[in-house]
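For reference, the chains in residue letters:
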Amino acid sequence: GVYSLLQHTFAGIKEVLYPQFLGYGVLSGLMQNQVIRSGVEMMADEMTRKWIKISRLGEVDTDDKDDEEDEISRIERDIDELDDETKAGDADDKTIQDLEQACRKFDVRKLFRRAFSLTGYMGGCLVYIDTLGDDASEDALLSPLRFDSDVFRAGDLRGFKIIEPFNISPGDYQCTNPLRDDYFRPRTWWVQGRKVHASRFLYFACNLPSTLLLPAYNFFGIPIAQLVLDSVSHFTRTREATARALEKYSLTVFKTNLADITDTNFREEVMKRIQFLADWRDNDG
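These figures come from a predicted structure and were not determined experimentally.

The rules behind the values
- Residues numbered from 1 in each chain as written.
- Predicted model: local features only at pLDDT ≥ 70, side-chain atom pairs only at ≥ 80, totals over all residues.
- Heavy atoms only, no water.
- Pairing = 2+ DSSP bridges.
- Helix = DSSP H or I, 4+ residues; strand = E, 2+ residues; numbered from the N terminus.
- Axes fitted to C-alpha atoms, helices over the stretch in contact; angles between N-to-C directions.
- Contact = heavy atoms within 4.5 Å.
- Salt bridge = Lys/Arg side-chain N within 4 Å of Asp/Glu carboxyl O.
- Buried < 20%, exposed > 50% of the residue type's maximum accessible area, 1.4 Å probe, protein only.
- Polar contact = N/O pair within 3.5 Å; in protein donor to acceptor, adjacent residues only side chain to side chain.
- Phe/Tyr/Trp six-rings, centres within 6.5 Å; stacked < 30°, edge-to-face > 60°.

It is worth spelling out the sheet that holds strand S6 (residues 201–205) at this point. Across the sheet, which stays open at both edges, the three strands sit in the order S2-S1-S6 with antiparallel pairing between neighbours. The open sheet has two free edges, formed respectively by strand S2 (159–163) and S6, since each of these has just one partner strand. On average, each strand axis in the sheet is inclined to that of its neighbour by 20°, with strand direction left out of account. Strands in contact with helix H5 (residues 108–122) are strand S1 (124–130), S2 and S6; relative to S1, the strand with the most contacts, it is inclined by about 150°.

Here we take up the pattern of salt bridges. A full pass over the atoms with the stated rule returns 11 salt bridges. A salt bridge links Lys161 to Asp134; the shortest N-O distance between them is 3.0 Å. Within this pair, whereas Lys161 is found in strand S2, its partner Asp134 is found in the loop between S1 and helix H6 (138–142), the two being separated by 27 residues in sequence. For Lys161, a relative accessible area of 35% puts it in the partly exposed group. Exposure remark for Asp134: the relative accessible area of 60% places this residue in the exposed category.

So, on to the side chain of Arg200. Among the secondary structure elements, Arg200 is positioned in the loop between strand S5 (194–197) and S6. Engagement of the side chain of Arg200 in a polar contact is seen with the backbone oxygen of Ser143, the distance being 2.9 Å.

Another point: the sheet that holds strand S4 (residues 188–191). Remark on secondary structure: sheet strands pair via backbone hydrogen bonds, oriented parallel or antiparallel. Pairing within the open sheet is antiparallel, and its three strands lie in the order S3-S4-S5. The strands lining the two open edges of the sheet, one partner per strand, are strand S3 (168–170) and S5. The mean inter-strand angle of the sheet, taken between neighbouring strand axes irrespective of direction, is 30°. Here S4 pairs with S5 via four bridges, running antiparallel. For Val191, the partnering residue across the bridge sits in S5 and is Arg194.

Pairing analysis gives three bridges linking S3 to S4, with the strands arranged antiparallel. Bridge pairing in S4 places Ser169 opposite Trp190. Count of turn residues in the S4/S5 antiparallel hairpin: two residues, of which Gln192 carries a positive phi of about 50°.

Attention shifts here to the environment of Lys53. Structurally, the position occupied by Lys53 is in the loop between helix H3 (34–47) and helix H4 (71–105). In this structure the C-alpha to C-alpha distance between Lys53 and Ile96, which are 43 residues apart in sequence, comes to 9.6 Å.

A few words now on the packing of aromatic side chains. Considering all chains together, one arrives at 15 aromatic pairs under this definition. Centroid distance Phe184 to Phe219: 6.2 Å. Interplanar angle 25°. Geometry classified as stacked. With Phe184 in the loop between S3 and S4 and Phe219 in the loop between S6 and helix H7 (224–227), this pair connects stretches of sequence that are 35 residues apart. Each member of the pair, Phe184 together with Phe219, is buried. The interplanar angle of 10° and the centroid separation of 5.6 Å between the aromatic rings of Tyr203 and Phe220 together place this pair among those described as stacked. Of the two residues, Tyr203 is situated in strand S6 and Phe220 in the loop between S6 and H7; the sequence distance between them amounts to 17 residues. Here Tyr203 falls in the partly exposed class, since its relative accessible area comes to 42%.

This is the structure:
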C-alpha cells in the first residue's frame, strides 16, 4: 500500500512537472482532434499566406574616386556602368523568372505549408532534396550535397519529398564537445534503414527542448499538439459537461412519497414507474 501510494505520488509529479514525449502513434491520433487540427492548420496557413517574393539587390557606386578626371571621362564611365547594370539587371530578371517558375513547378508553397503543419503535429520533419532519383546508391546518399556545379548540376533537381518523423532516426552526431558547431546535430539521418547525409535535407522543427531531451524527441521539437493537449482536454470536458447540464434542463421531475419505496408491497410498482420515467423522460421524445 505504501509503495503504491509513493508510486502514484511520483507518477503524478512526473506527469505534471516532467511530461514525456507522447510518441508518434499518439500524435497521429491527435491530428484527428478537430480543435488541435484547426489550430495547427491555421498556423500553417498563416505561415505561407503571404509567401515570398524573389528580388535582387543592386548597388550603384556614386563616389568619385578620382577627382582629377575630367568631365568627359566621367560621363563616358557613367554611360558604360549604366550599360553594364542594365545587362546585369536583365540577366537577374531572367534568373528571378526561372526561380519563380521552378517554385511553381515543384509547388514549394504547398510543400512548406505541409512541412509547417507536420511540425505542429509531430515537432518537426525533414524535406529531402531529390537530386539522385529513386535508385540512389548508399555512397551517393552519404555524400554531402554542395551547391556548386560539380555536385549540383543543372537539371539534377527532381523535386522535394517530405519525410515524416516516424520514418526517421538520427545517425551520427557529436555529443562530447559543446564548443563544436555540430554538437548534438546529426551529421546523417536514417530513413527506413537508408543512411543519408544531413545536407540532403531541409530541417524543420519548432519548440526545441533542452539538449538533454533532444534524443527523446528524435532531435526535433516539442509538438504544438502535445503542448496544447492539456488545455484542449479541459476544454473538451467542460464542453461535454455543459452539454450534459443543458440536457438535464429538458428532463421531467419525478415526485413520489419515499415512504412508498419502503413498503414491500408497493415497491415493485414504484420501481416500474421510475423505470418508465427513465425510458421516456426526454421531452424531445
